Amino acid sequence: VSQEFDYDLVIVGAGVGGHGAAIHAVSCGLKTAIIEASEMGGTCVNRGCIPSKALLAASGRVRELRNTHHLESLGIQVGGVEFDRGAIANHANTLVSKIRGDLTNSLKRLKVDIIPGWGRVAGQQKVTVTTDEGEKTVTAKDIILCTGSIPFVPPGIELDGKTVFTSDDALKLEWLPKWVAIVGSGYIGLEFADIYTALGSEITMIEALDQLMPTFDPDIAKLASRVLISPRDMETYSGTLAQKVTPGSPVVIELADAKTKEVVDVLEVDACLVATGRIPVSKDLGLSAVGVETDRRGFIPVNDQMAVLSGEEAVPHLWAIGDATGKLMLAHAASAQGVVAVENICGRHRTIDYRSIPAAAFTHPEISYVGLTEPAAKELGEQEGFEVASVRTYFKGNSKAIAEGEADGIAKVIYRKGSGEILGVHIFGIHASDLIHEASNAIAQRQSVNTLAYLVHAHPTLSEVLDEAYKRAVASH
Ligand code: FAD
């Protein structure tokens, strides 16, 4: 460390982004401290990826074992299947504690100083840390802000944490409501719909936009709807706002047309999960002390090197990563941004490439994608003067998926006509979240379907759905 500073690097926020940045910083030889106001591990470990995947693992098995038709087709008979809600919730909790402990220990082992308290920028290269006991100042050559996000609750929706709640409370699985309304059909709403329906709840899904699952490619959303929603008897409203939600028994939900705002229906349900997106934690961070203004939605402005911007200018030695920047609100994106920030701190001039970062919903079956949807690719093509083509292949034509008895699914490859450059890949089907990485690599390397059509995929594997798509794209060129 330079003599003038307490640390080379201080990170504010020990979520997945802050943790990743700290580990990379140590490997680059930086003396590092991390400030955390609440639990180590942030949203991902405590209220996000980890507990939700633990609940999905348990509920998914319940669904599988209760799907006797599916198991009988594989030659298996299963007797009555019971589950214990409390035990499922405990398992998720135990996993969260273990991972939180591992993460904290890994930082201690690497000699990263963990400073409890609320971190606030107090001028260039200076952070104050506030706890109940008081305030202290730490100085650092560089500072990374990684303060994450919290659930967004639209006006008109009143939370009580018991009958009307966000994912933070839903993950505790304190009870199993018979009828749950889920507001928002993004990946968080969908994953909870998957958990609840597997455990026997009935679901009504309410989406403000016209397309259910609006972030997914329309073809994927259509087929996913046919598999994840219709057979599970979910009631759905699209183009509809949950205009007023009042907690109680029952929860009363006033539904309105999203365009006219006229009331179209009133629901009375046992519980309501509000999954309407997330907002950044960016207030009271001392940003104005260094001339930084957050954007209209509160996100911290950054460039593609993860430097914090004051107007157009990068603020020296101040960086921000993760959900608080609002770029791609996913755990692995936060870690990737952390690595880029640290590399730049070390003078290595790296930029982040969001195009090749995949996203997944861990429903049964899963949904994953990387790159552009077809409408977005066509819009880009119109602006830049190129044509877009796409091919679809189906899991029902894939030997491995058939052998697994899991043949619902589709893969879609979107590419540039002529050069064949891959612009987007979307998969809905068993193990979609693992299959997507070949496509991420292809997009990162700007590969074309012409090259990938000659890549040999092992047989029989699920990855042949992509193999078939590339070959079909070349044949239709
Ligand atoms: P966070 O993980 O939110 O961490 C920020 C940390 O900063 C917190 O610990 C907070 O206490 C601390 N903090 C804030 N302000 C201060 C301050 N001033 N001083 C000190 N400490 C401060 N992503 C995936 O990629 N895959 C998934 O499967 C997935 N599932 C999810 C499921 C759910 C239900 C939810 C809600 C999210 C899920 N996510 C998933 C998203 C993922 O959790 C976030 O993208 C990720 O946690 C962002 O990491 P972060 O480091 O930016 O912020």
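Residues numbered from 1 in each chain as written. Predicted model: local features only at pLDDT ≥ 70, side-chain atom pairs only at ≥ 80, totals over all residues.

An unreviewed UniProt entry lists the protein under the name Dihydrolipoyl dehydrogenase, from Coleofasciculus chthonoplastes PCC 7420. Check the Sequence similarities (unreviewed entry) section of the UniProt entry for the protein; it says "Belongs to the class-I pyridine nucleotide-disulfide oxidoreductase family." (UniProt positions renumbered as here; feature names shortened; annotations may be inferred.)

Undergrad: What's the story with the nonpolar core in this structure? I'm lost.
TA: Soluble globular proteins: nonpolar side chains tend toward being buried together. Of all hydrophobic cores here, the largest spans 145 residues; its most connected members are V10, I144, I182 and C272. At nine residues, helix α9 (residues 331-345) tops the list of elements feeding residues into this core. (Core = buried A, V, L, I, M, F, W, Y, C linked by C-beta atoms within 7 Å. Buried ≥ 20, exposed ≤ 12 C-beta atoms within 10 Å, placed from the backbone. Helix = DSSP H or I, 4+ residues; strand = E, 2+ residues; numbered from the N terminus.)

Undergrad: Can you help me understand the sheet that holds strand β22 (residues 410-416) in this one?
TA: Strand pairing in a sheet takes place through backbone hydrogen bonds and is either antiparallel or parallel in direction. Pairing in this open sheet of five strands is antiparallel, and the strands run β19-β20-β23-β22-β21 from one edge to the other. Two strands bound the open sheet, and with one partner strand each, they are β19 (359-361) and β21 (388-394). The average angle at which neighbouring strand axes cross in this sheet is 10 degrees, direction not considered. Sheet topology places strand β20 (residues 366-371) next to strand β23 (residues 422-429); six bridges connect them, and they run antiparallel. Bridge pairing in β23 links G371 to G424. (Pairing = 2+ DSSP bridges. Axes fitted to C-alpha atoms, helices over the stretch in contact; angles between N-to-C directions.)

Undergrad: What exactly am I supposed to notice about the site of the ligand here?
TA: Around the ligand, the structure places 37 residues, and the nearest of them are G13, G15, G42, G148 and G322. Among the elements of the structure, α1 (16-27), β2 (32-36), α2 (42-47), α3 (49-66), β4 (118-121) and α9 are those that each provide at least two residues to the shell around the ligand. Here the shell around the ligand gets four residues from one element, more than from any other, and that element is α2. Across the shell around the ligand, the residue classes break down as 18 nonpolar, 16 polar and three charged. (Near = placed C-beta within 6 Å. Nonpolar A, V, L, I, M, F, W, Y, C, P; charged D, E, K, R; others polar.)

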